[in-house]
Amino acid sequence: MTTSVLEAAVVESSRERLQDVLIIDADVHVHESPTEMAAYAEMPWRLALETAGTLPERYLDLPGFSPGAAELGPKFPGGQGPARMVKTASQMREELHKLSINVAVLFPDHLLKLAVITQKEYAAAVARAYNAWLIDRWLTRAPGLLGCLIAAPQDPENAAQEIAKYAKEPGVVGVYLPTAGVDPLWGDRKYDSIYQAAQDADLPVMLHAVQLVHPVFPFQVQGFDTELARHALAHTFSMMANLVSMVTTGVMVRFPHLRICFTEAGISWVPFIINRLDKEYLERRREVPFLVNRPSHYIRKFYFGTQPVEEPESPMDLVTLTKLYGGEDTTVFASDWPHHDFDHPIKVYQLPFSPEVRRKILAENAMRLFKIDAQGYRTNT
Amino acid sequence: MAQQREAIAVAPLADFPDGSHKVVKINGREVGIFNVGGTFHALPNLCPHQLGPLCLGRVSGTLDRRPETGWQLQWIHDGEIVTCPWHGMEYHISTGQCLAYPEVRLRTYEVWVEDGMVMLRK
Ligand code: FES
C-alpha cells in the first residue's frame with residue numbers, strides 16, 4: 001500500500017468546500033483496550049481487565065469484555081478488509097481532520113456490548129474504568145474531542161453516581177446508553193435514576209446499539225441467512241423498540257428537560273414509527289394517560305443521528321423524510337468513524353437541503369443537543 | 001488538431017507480480033494499477049460512492065447464486081474484483097463495472113507493458 005486509506009481520499013475540489021463548513025460529529029468510536037483500562041479499575045476488577053487483555057482479540061468480540069460471536073456466516077476471501085480502529089487521541093484528531101470534522105463525540109468499540117455482560121458489579125466496574133480512562137486518555141488530550149460517559153444498565157444507581165461525579169467535566173457532553181442486548185428496554189422505570197442524573201447534569205442521553213445476535217428483543221436475528229438482513233434490522237429495530245418503550249412509559253414526561261438522541265439507525269424509520277404510534281394512541285390513549293398529546297408531539301423533540309444515512313436514488317427523498325418528523329431541527333450529523341459503515345460528511349453535505357438546514361444538521365443542532373459552542377466548549381458548566 | 005495523450009512510464013514490470021495491485025500518483029491523480037493474470041488494468045482510485053480510495057481495497061473474487069445455476073452458491077471472477085475498503089462496494093477490475101449499481105461504471109485507463117515498463121495513458 002503506497003498511501004493510507006484516508007490520504008488517498010483527499011479530493012481537492014470537493015474537500016475545499018467541506019473544509020469551510022463547521023462539522024460536529026455526534027458519533028465516532030475509540031478503541032478501548034482492557035489492558036489500558038485496567039489501570040483505571042479497582043481491585044479485583046483490574047485483574048479481570050488485565051486477563052481479558054491477554055486473550056486473542058477479534059473485532060468487537062473479546063471474552064470477558066465484549067462477549068459473543070460477531071461473525072455467524074462463512075468467511076470468503078476478499079471483502080472490505082480489516083476493521084479500522086482508532087487507538088489514540090492524536091490518531092483520532094489526525095483522521096477527523098482528514099474527514100473535515102471539527103468536533104466529535106466519542107463512543108466505545110467493544111463496550112457497545114456492555115449491556116450483555118451478565119454480572120452487575122463487573123459491568124459497573126468496567127463502566128467506571130472506561131469513564132476514567134476516556135476522560136484521562138482522550139478528552140483532555142486533544143481539542144475537539146468530546147465524550148459520553150457510559151451508563152451500565154445493569155447498575156443504574158452506579159451509573160447515576162458516575163454522571164453526578166463527572167457532571168461538570170469539560171469534555172463530557174453526554175451519557176451513552178448501551179442499547180444492544182439491553183433488557184429491560186430503556187423505558188423501564190428501573191433506569192429513572194440515570195435519567196434524573198442526566199437531566200440534573202444537563203447532559204443528553206444517547207442511545208447506541210450494535211449488530212448482535214442475542215436472546216433479547218429485538219436481537220433474536222439468528223433466523224436470517226445473511227448479515228445484510230441482520231444488520232439492516234438490528235440497529236433500526238433496537239432504536240424503534242427503545243423509542244417506543246420510552247414514549248409509552250413516559251420517560252420524556254417524567255424528565256421533561258432531558259434531551260434524548262437515537263443513533264446509528266439512519267432516519268427513514270422515524271416517520272414510520274411516529275405514524276404508527278399516533279395511530280395506536282387514538283385508540284389506546286387510556287393506557288398512556290400521562291401523554292397529553294399525540295406521541296409525535298413528544299418524538300419531534302428527540303434528536304436523531306444521520307448515520308448510516310440512507311442513499312435513495314433520489315436524494316430529495318431524504319429532505320422529505322426529514323421534514324416528515326420535523327427533523328430540520330433535531331437531526332445531527334454522525335459519521336460513525338472508523339466503523340465499516342461510516343459516512344463521510346460529504347454524503348450529508350451534498351444532500352439537497354437548504355443552506356440553513358444543512359448548517360443545522362452538520363453543526364447547529366449538535367451544538368444545542370450537547371450544549372457546546374462551535375469549538376466544542378461546553379456552555380453549561 | 002487531435003493530440004495524442006501522453007504515455008507515462010509508471011513503474012518497472014517487476015514491481016507488479018501477477019495478481020498484485022498498487023496505487024500510483026500520476027500528475028496529482030491517483031490511479032490503481034492491477035495485474036490480473038498477466039493483463040494490466042487501471043482504474044481511478046476514487047470510489048463514486050463516498051470518494052473512498054477504492055483501489056487500496058482487496059482484490060479477490062465474489063459470490064454468485066441465481067436461478068440459472070440452480071441457486072447453487074458459486075465463487076466467480078476470482079482475482080478480478082476489487083472491493084472498496086470504505087464500505088465494501090465491488091468493482092470488476094477490467095471493465096470498471098460496479099456490481100451493486102448497474103448504472104455505475106468507472107472510467108478505465110489505457111495501460112500496457114513496453115520494454116519492461118508499465119505504461120499508462122492519462
Ligand atoms: S466510498 Fe467506496 S464503498 Fe463507500
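The rules behind the values
Residues numbered from 1 in each chain as written. Chains lettered and ligands numbered in written order. Predicted model: local features only at pLDDT ≥ 70, side-chain atom pairs only at ≥ 80, totals over all residues. Heavy atoms only, no water. Helix = DSSP H or I, 4+ residues; strand = E, 2+ residues; numbered from the N terminus. Buried < 20%, exposed > 50% of the residue type's maximum accessible area, 1.4 Å probe, protein only. Contact = heavy atoms within 4.5 Å. Areas by Shrake-Rupley, 256 points an atom, 1.4 Å probe, with all protein chains shown as cover. Lys, Arg positive; Asp, Glu negative; His and termini not counted. Charge placed at Lys NZ, Arg CZ, Asp CG, Glu CD. Pairing = 2+ DSSP bridges. Axes fitted to C-alpha atoms, helices over the stretch in contact; angles between N-to-C directions. Core = buried A, V, L, I, M, F, W, Y, C linked by side-chain atoms within 4.5 Å. Salt bridge = Lys/Arg side-chain N within 4 Å of Asp/Glu carboxyl O. pLDDT = per-residue confidence, 0-100.

Quick notes on the overall build of chain B
Then step 1. On a plain count of helices and strands, chain B comes out with zero helices and nine strands.
Then step 2. Listing every helix and strand of chain B by position from the N terminus yields β-β-β-β-β-β-β-β-β.
Then step 3. The dimensions of chain B, computed from C-alpha atoms along their principal axes, are 50 × 30 × 30 Å.
Then step 4. For chain B, with 122 residues in total, the buried portion stands at 46%.
Then step 5. When contacts within chain B are restricted to residue pairs at least 6 apart in sequence, those whose partners lie at least 24 apart make up 43%.
Then step 6. When the accessible area of chain B is evaluated, it comes to approximately 6,400 Å², of which 50% is carbon and sulfur surface.
Then step 7. Taking the 11 positively charged and 13 negatively charged side chains of chain B as two groups, their mean positions are separated by 6 Å.

What to know about the overall build of chain A
Then step 1. Helix and strand counts for chain A come out as 14 helices and eight strands.
Then step 2. When the 381 residues of chain A are sorted by exposure, 58% land in the buried category.
Then step 3. Contacts in chain A between residues at least 24 apart in sequence constitute 79% of all its contacts with a sequence separation of at least 6.
Then step 4. As presented, chain A carries roughly 15,600 Å² of accessible surface, and 55% of it is formed by carbon and sulfur atoms.
Then step 5. In chain A, 37 positive and 46 negative side-chain charges are present, and the distance between their average locations comes to 5 Å.

A look at the sheet that holds strand β6 (residues 74–83) of chain B
Residues and elements named next belong to chain B.
Then step 1. Strand order in this open sheet of three strands is β5-β6-β7, and the pairing throughout is antiparallel. Looking along the sheet, the strands with just one partner apiece sit at the ends: β5 (58–64) and β7 (90–92). With direction set aside, neighbouring strand axes in the sheet form an average angle of 60°.
Then step 2. For β5 and β6, the ladder comprises six bridges, and the chain directions are antiparallel. The residue bridging Ser60 from the neighbouring strand is Ile81, located in β6.

Quick notes on the environment of Leu139 of chain A
All names here are of chain A.
Then step 1. Here Leu139 is to be found in helix α5 (residues 120–139).
Then step 2. Here the alpha-carbon distance between Leu139 and Arg17, two residues 122 residues apart in the chain, equals 28 Å.
Then step 3. What Leu139 contacts, discounting residues up to four positions off in sequence, is Leu106, Leu134, Leu145, Leu146, Gly147, Gly171 and Val172.

What about the nonpolar core?
Then step 1. Residues Met92, Trp138, Tyr195, Leu243, Phe262 and Trp269 of chain A are the most contacted members of the largest nonpolar core, which totals 149 residues.
Then step 2. Residue contributions to this core peak at 12 residues, all from α5 of chain A.
Then step 3. Residues in contact with Tyr195 of chain A, not counting those within four places in the same chain, are Leu177, Trp186, Val205, Met246, Val251, Phe255 and Leu258 of chain A.
Then step 4. Membership of the second largest hydrophobic core comes to 14 residues, among which are Ile8, Val10, Val24 and Val118 of chain B.

Notes on the pattern of salt bridges
Where charged atoms from two side chains of opposite charge come close, those side chains can pair.
Residues and elements named next belong to chain A.
Then step 1. In this structure the tally under the stated criterion is 18 salt bridges over all chains.
Then step 2. Across the pair Arg58 and Asp61 runs a salt bridge whose closest N-O atoms are separated by 3.3 Å.
Then step 3. By relative accessible area, Asp61 is classed as buried at 6%.
Then step 4. With a closest N to O distance of 3.1 Å, Lys347 and Glu311 form a salt bridge. Pair noted here: Lys347 is in helix α13 (residues 345–349) and Glu311 is in the loop between β7 (303–305) and α12 (316–324), with a separation of 36 residues, a long-range link.

A word on the confidence of the model for chain B
All names here are of chain B.
Then step 1. Of all residues in chain B, 97% attain a pLDDT of 70 or more, and the chain-wide mean is 94.
Then step 2. Across chain B, the element-wise mean pLDDT spans from 94 in strand β1 (residues 7–12) up to 98 in β7.
Then step 3. The ipTM value of the predicted complex is 0.83, and its pTM value is 0.92.

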